[in-house]
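Overview (structure and organization)
Here is what each chain is made of, one letter per residue.
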Amino acid sequence: YGNRSKGMVVFKFINPNEKEELEQEAMKNGIQPVMINVREKDQVKQQKAYIGAVVSIGEEKETIPFFQPGSAMEYALSTSIKKLSVLDKPAIAIIQGHGEPPLSQMPQVYNELSILYSVEAFEMTDTTEIPGNYKTIALIRPTDTINASHLDQLDRFLARGGNIFMALNRVEGDFQTATGKTITTGLEDWLMNKGLTISDNFVIDASCGAVTVQQQQSNFVMTTQVSFPYLPIISKFADNPVTRGLESVVLQFASPITFAGDTTIKFTPIAFSSTKSGTARAPLYFDVQRQWTETDFPMSGITVAGILEGKLSGTAD
């Protein structure tokens, strides 16, 4: 850090165990002691340790309370430096107007993005245009139909060089009725015209999450966890900056993605199902008591996320 910043980043290591005043200063800054195992002379004993950092610029400071021993600390340090030093953050629009969840329902997304970006909700209407200060917009789980006027706005946004992050549900499950159905918003045909098909199938995976099932046994109710292949655990990722460092992600229903576009467009798959996976056609009924076998999962590496780039609209890449 000191070398890359040409001496602008200055660091020092402080051992709060040396003085009581240093301990109090560490805790005042939000760095609490933890107990760690230390080996001395073939014996393991516990020792109080402070494994955190305080990043400061002028009067502003950011505390990293704890670094997991053995893990990389560069991301947390760089994020804190960036958070304190960036004054003019680029804006990201979270699109509203088609049944998307509001920002208040996505606190973690908002908090993480707010470190480096100005995150704003933007409601699309027939009379508005996506403002020019947005280089990136996010369409997250729309549930209502997106009309032709709004799709044209998205095309004009792409034509001027904008980026779109899209989290689209092609299918959804209802746990109350134990049924799964197709969702149609208009984005499916819009994407298909660009060579990308999201099929109205459920991805099923032997590597999956679980659901809670209640069963009546005599005079009491027994609660058990049952594997539910419709909640695939995605742990296979491409070596791409978008997914680098991810260990696993549980998707609440997913659909296969395929690309059949021309050479002016590039598609990069970045997330895949496990080696024991398959698909199930919607509509369907969820039988939580079903005994799944290996023959139910004849497929491997189904693409569930990807990056589409190139001449998607107009002449812009």
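See the structure above.
Right, let's walk through the structure included here. What you are looking at is a predicted structure, and each value in this text was computed from that prediction instead of being measured.

Cut-offs used in this document
- Residues numbered from 1 in each chain as written.
- Predicted model: local features only at pLDDT ≥ 70, side-chain atom pairs only at ≥ 80, totals over all residues.
- Heavy atoms only, no water.
- Pairing = 2+ DSSP bridges.
- Helix = DSSP H or I, 4+ residues; strand = E, 2+ residues; numbered from the N terminus.
- Salt bridge = Lys/Arg side-chain N within 4 Å of Asp/Glu carboxyl O.
- Buried < 20%, exposed > 50% of the residue type's maximum accessible area, 1.4 Å probe, protein only.

**Here's the deal with the sheet that holds strand S18 (residues 265-272)**
- As summarised here, the arrangement of the three strands in space is S15-S18-S21, forming an open sheet in which the pairing is antiparallel. Both edges of this open sheet fall to strand S15 (236-237) and strand S21 (303-310), since each of them pairs with a single strand only.
- Inspection of the sheet shows S15 paired to S18 by two bridges, in the antiparallel sense. Residue Lys236 lies in a different strand from S18, and its bridge partner there is Phe272.

**Considerations on the pattern of salt bridges**
- Under the defined criterion, the tally for this structure stands at nine salt bridges.
- Arg156 is paired through a salt bridge with Glu129; the nearest N and O atoms lie 2.8 Å apart. Pair noted here: Arg156 is in helix H4 (residues 148-159) and Glu129 is in the loop between strand S6 (118-123) and strand S7 (134-140), with a separation of 27 residues, a long-range link.
- Classification of Arg156 as partly exposed rests on a relative accessible area of 43%.
- Note on Glu129: relative accessible area 38%, which makes it partly exposed.

**Side note on unusual backbone geometry**
- In this structure, the amide linkage connecting Ala282 to the following residue, Pro283, adopts the cis form with an omega of 0°.
- Although it is not a glycine, Lys6 sits at a positive phi angle of roughly 55°.
- Mapped onto the elements, Lys6 comes out in the segment before helix H1 (20-28).
- Although it is not a glycine, Arg141 sits at a positive phi angle of roughly 50°.
- Note that Arg141 resides in the loop between S7 and H4.
- Since its relative accessible area comes to 36%, Arg141 is described here as partly exposed.

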